[in-house]
Amino acid sequence: RFVGTHQDITKRKQAEEEHQLLFQLIDNADSIAVSKDLDLRYLNVNQAYLKLTGHKSLGDILGKTDAELFQGIATDEQIREYMNNDRRALHLPPGESITIEERLAGDDGEERFFLTKKFPIYSKDSGDLLCVSTLSTEITDRKRAEETLRKSERRFQKMLDAVPDMISIHSPEMEILYSNWQGFGAVPEGSRLTNTKCYKTYRGFDEICPGCRALEVMKRGEPIHEETRLPDGTWLDLRVIPLLDKD
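Read on for a plain summary of the structure. In this text, all values refer to a predicted model and were calculated from it rather than measured experimentally.

Topic: the environment of methionine 218
Okay, so step 1: Counting through the fold element by element, methionine 218 comes out in helix α7 (residues 213–220).
Okay, so step 2: Assessed through its relative accessible area of 33%, methionine 218 is described here as partly exposed.
Okay, so step 3: The spacing of methionine 218 and leucine 243 is 25 residues in sequence and 8.7 Å in space, taken between C-alpha atoms.

Structure representation (structure tokens):
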């Protein structure tokens, strides 16, 4: 005689297969993926994390915390920041997340920047909080490009501020986007406001100046260069240049 039993485990096997597919997707992603338990000890990481930190396998980091793994790689302040952000994420309800910028010292001593999303993981069945997960994308190149652009803009600003003649950039709605407030544009300091109508700020008019050459240039899309005489007898060497989109 014998006794046999059987149980339908189709759903469990399907869930295991889905989990395996999801893990392979995350493991091959360029973004860093990390899961930590409620004590902020590592449960899982992907290859991008191992590459970042120099660890060989999950076994090197399993059960450890950021305080142990990032010692010598990040500052104490940065490590506290990582873990505090994890704690914040653990207190979020299902479906919510936080997105922050985090920093890490690079091999060359320069800081590296990461755009990081942290969120809690809850059990679908019981609703219990299981862990906190992190997805991070390095944005160091973007941050350095932004800083280079800011430095370039500051140098350009200083150069324009040193020009004794008026330089003014307007929107199609005749609003001042930039002015060096020199020459004809040397209005009182309290009136030096961008995003205001040029005819109001420079001339005190309530409507666009009669015979406005800038308006004509924007309509035609062609620059002008001429000497012009204002109603008060002032002569100006006037250059108006349209700034056109490439398209």
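So, unusual backbone geometry
Most peptide bonds are trans, and most residues other than glycine sit at a negative phi.
Okay, so step 1: The phi torsion at leucine 40 lies on the positive side, around 65 degrees, for a residue other than glycine.
Okay, so step 2: Structurally, leucine 40 can be placed in the loop between β1 (32–36) and β2 (42–45).
Okay, so step 3: Under the relative-accessibility criterion, leucine 40 is labelled buried at 4%.
Okay, so step 4: A positive phi angle, close to 55 degrees, is found at tryptophan 181, a residue other than glycine.
Okay, so step 5: Along the chain, the position of tryptophan 181 falls in the loop between β7 (176–179) and α6 (198–203).

Quick notes on the side chain of glutamine 78
Okay, so step 1: Here glutamine 78 shows up in helix α4 (residues 76–90).
Okay, so step 2: Judged by its relative accessible area of 4%, glutamine 78 falls in the buried class.
Okay, so step 3: Here the side chain of glutamine 78 touches threonine 75 through a polar contact of 3.1 Å, landing on its backbone nitrogen.
Okay, so step 4: Here glutamate 111 takes part through its side chain, which lies 3.2 Å from a polar atom of the side chain of glutamine 78.
Okay, so step 5: What glutamine 78 contacts, discounting residues up to four positions off in sequence, is Arg103, Leu104, Ala105 and Glu111.

Reading the values: the criteria
- Every chain is numbered independently, its residues counted from 1 as its sequence is written.
- Residue-level local features of this predicted model are given only where pLDDT is at least 70; pairs of side-chain atoms are given and counted only at 80 or more, and the full residue set underlies all totals for whole chains, interfaces and linings.
- Each side-chain value is derived from all of the structure's non-hydrogen atoms; neither hydrogens nor water enter the calculation.
- In DSSP terms, a helix is any run of H or I states spanning at least four residues, a strand is any run of E spanning at least two, and both are numbered starting from the N terminus.
- Each residue gets one of three labels from its accessible area relative to the maximum for its type: buried under 20%, exposed over 50%, partly exposed in between, using a 1.4 Å probe on protein chains only.
- Under the rule applied, a polar contact is a pair of N or O atoms within 3.5 Å (in protein, one hydrogen donor and one hydrogen acceptor; residues adjacent in sequence only if both atoms are side-chain atoms).
- When checking whether two residues touch, look at their non-hydrogen atoms; a contact exists if any pair is within 4.5 Å.

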